[in-house]
Amino acid sequence: MLADPTTCTAGLKAALSLGFTKPLYGVASCGTTDFSKNAATYTGGVTLTQGNVSPTGDDADAKIFTQAMDKNGKKTEDLFHAVDGFQTVINVYTALKTVPAPATTESLSKALSTNKTHAFMLGPDAHFTCDGKALRASRGLPGMFAPGNQEFAFIRREYEATSLTWSTHLSWASGSASAVCLRLSRRVVSSR
Amino acid sequence: MTNCANKAVTSNSIAVLLGTVGNDNAVVAVTGKAGVPLVVNSGFSSDVLKAEGKAFIFSSSGVSGMLAIAKTVQEKGLKNVALVHVNVSGAIGVVKATEAGFKKAGLTVDVYPVPYPSPDLTSTLSTITAPRPKRSSCSRTRPPARRD
């Protein structure tokens, strides 16, 4: 498993040179053009995942995202690398847009810390509050999916030989109410 | 990274600092004191996790992507995972945050931190495939492999 974008391509190339046949997994930000080119030749199969709805699907947020990428001339295969940054910019903008001028440390921190029922970009339809319930030890992490304690949506991008498929999942239910911060709608988003 | 953070907060033009930072522990030490909220995109260190009111994540974060891998691996019926990640605080924090998810999925994880940059991971992957004694722990970190 290749857990970060700085090691993905080197790890994949090493696997190819060693004749590895075990399946490889990585985070979506691994999916650069160079990585994709090599992944298509790896016989063990390569799967990338990301915790959001498919940015190339029919979700309204996804359409905003792809339009923004198209406007800047980005190819579809580059989209996944940009999701976290795009989510962050949109979500922070939404959180801060009500801060009165002039902004101060206190007003900015308060807006980021107390923002409630905020639509979570590419979430899917997830809402969060910063009340510390997402991860009790970390009140600053409203958008983080508490490990193993709630449902979350994720996409999978699978390279098998020369084919590439994407799928969307809603998964990992457990019902541990104490850790639940996000409210997810049970909506499977189609991918293309 | 500390110098970079100092330049940012002393520029007097930044209200909120956004970005993906490998060594975010160094950055949050500076931004936290300066009163500039830090918003990280995906990775995070334990220092960021502890920086209540000073650091935030508003993305789905690397954690959910990693847990999606755990779920996928579980569905495939696999049991053992060798996890390679760059040895910086922002990646270490994510790996630690996801350990519970991997354990929940019934997976055994061997962690292989590698230095940045590591353009050639052949020796690391050779280590992963080498025969080894039977293990008893659920998760452990192996020392960084020798670089080629």
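Residues numbered from 1 in each chain as written. Chains lettered and ligands numbered in written order. Predicted model: local features only at pLDDT ≥ 70, side-chain atom pairs only at ≥ 80, totals over all residues.

**Quick notes on the overall build of chain A**
Across its full length, chain A holds 5 helices and 6 strands. Going residue by residue from the N terminus, the α and β elements of chain A occur as α-β-α-β-α-α-α-β-β-β-β. Counting only residues that meet the buried cut, chain A has 46% of its 192 residues in that class. Summarising the internal contacts of chain A: among those between residues at least 6 apart in sequence, 57% fall at separations of at least 24. (Helix = DSSP H or I, 4+ residues; strand = E, 2+ residues; numbered from the N terminus. Buried ≥ 20, exposed ≤ 12 C-beta atoms within 10 Å, placed from the backbone. Contact = placed C-beta atoms within 7 Å.)

**What about the pairing of strand β1 (residues 24-27) of chain A?**
Residue and element names in this part refer to chain A. Here β1 shows a buried face lined by Leu24 and Gly26 and a second buried face lined by Tyr25 and Val27. Here β1 pairs with strand β2 (residues 46-50) via 4 bridges, running parallel. In the strand pairing of β2, Val27 is matched with Thr49. This β-α-β element, β1 to helix α2 (residues 33-39) to β2, shows right-handed connectivity. (Pairing = 2+ DSSP bridges. Right-handed = clockwise from strand over helix to strand, strands pointing away.)

**Focus on the interface of chain A and chain B**
Contacts between chain A and chain B engage 50 residues on the former and 54 residues on the latter. Contributions of two or more residues to the side of chain A that touches chain B are made by α1 (8-18), β1, β2, α4 (79-96), α5 (105-114) and β5 (152-160) of chain A. No other element matches α4(A), which puts 7 residues into the side of chain A that touches chain B. Classifying every residue of the side of chain A that touches chain B by side-chain character gives 25 nonpolar, 21 polar and 4 charged. (Nonpolar A, V, L, I, M, F, W, Y, C, P; charged D, E, K, R; others polar.)

**Section: α1(A)**
Of the positions making up α1(A), those classed as buried are A:Cys8, A:Thr9, A:Ala10, A:Gly11, A:Leu12, A:Ala14 and A:Ala15. Residues of α1(A) that are buried in the fold lie against β1, α2 and β2 of chain A together with β4 (80-86) and α6 (122-129) of chain B. Looking one or two places after α1(A), you find A:Gly19, whose phi comes out positive at around 75°.

**Side note on the nonpolar core**
By size, the foremost hydrophobic cluster in this structure holds 76 residues, and its most contacted members are A:Ala3, B:Leu38, B:Val39, B:Val40, B:Met66, B:Ala70 and B:Val84. Counting residues per element, this core draws most heavily on helix α4 (residues 61-75) of chain B, which supplies 7 residues. Both domains that meet at this core, namely domain 1 (2-57) and domain 2 (62-141) of chain B, each give it at least three residues. Excluding its chain neighbours within four sequence positions, the residues that come into contact with B:Val84 are A:Met1, A:Leu2, A:Ala3, A:Thr7, A:Gly11, B:Tyr112, B:Val114, B:Leu121 and B:Thr124. (Core = buried A, V, L, I, M, F, W, Y, C linked by C-beta atoms within 7 Å. Domains from an automatic or database assignment.)

**Regarding the domain arrangement of chain B**
Residues and elements named next belong to chain B. Each assigned domain of chain B is listed here: domain 1 (2-57) and domain 2 (62-141). Of note, the centres of domain 1 and domain 2, computed from C-alpha atoms alone, are 27 Å apart. With 13 residues of domain 1 at the interface, the matching set in domain 2 holds 10 residues. Among the secondary structure elements, those contributing two or more residues to the side of domain 1 that touches domain 2 are α2 (24-34) and α3 (46-50). The greatest single-element share of the side of domain 1 that touches domain 2, amounting to 4 residues, is contributed by α3. Taken together, the residues that form the side of domain 1 that touches domain 2 break down as 4 nonpolar, 7 polar and 2 charged.

**Observations regarding the pairing of β2(A)**
A regular strand carries its side chains on alternate faces of the sheet. Counting buried positions along β2(A) yields 5 of 5 residues, so the element is predominantly enclosed. Burial along β2(A) is two-sided: A:Val46, A:Leu48 and A:Gln50 and A:Thr47 and A:Thr49, pointing in opposite directions, are all buried.

**Here's the deal with the environment of B:Ile14**
Residues and elements named next belong to chain B. By secondary structure assignment, the location of Ile14 is in the loop between α1 (2-10) and β1 (17-19). Judged by C-beta crowding, with 15 C-beta atoms within 10 Å, Ile14 ranks as partly exposed. Not counting chain neighbours up to four residues away, the residues in contact with Ile14 comprise Ala8, Val9 and Val36.

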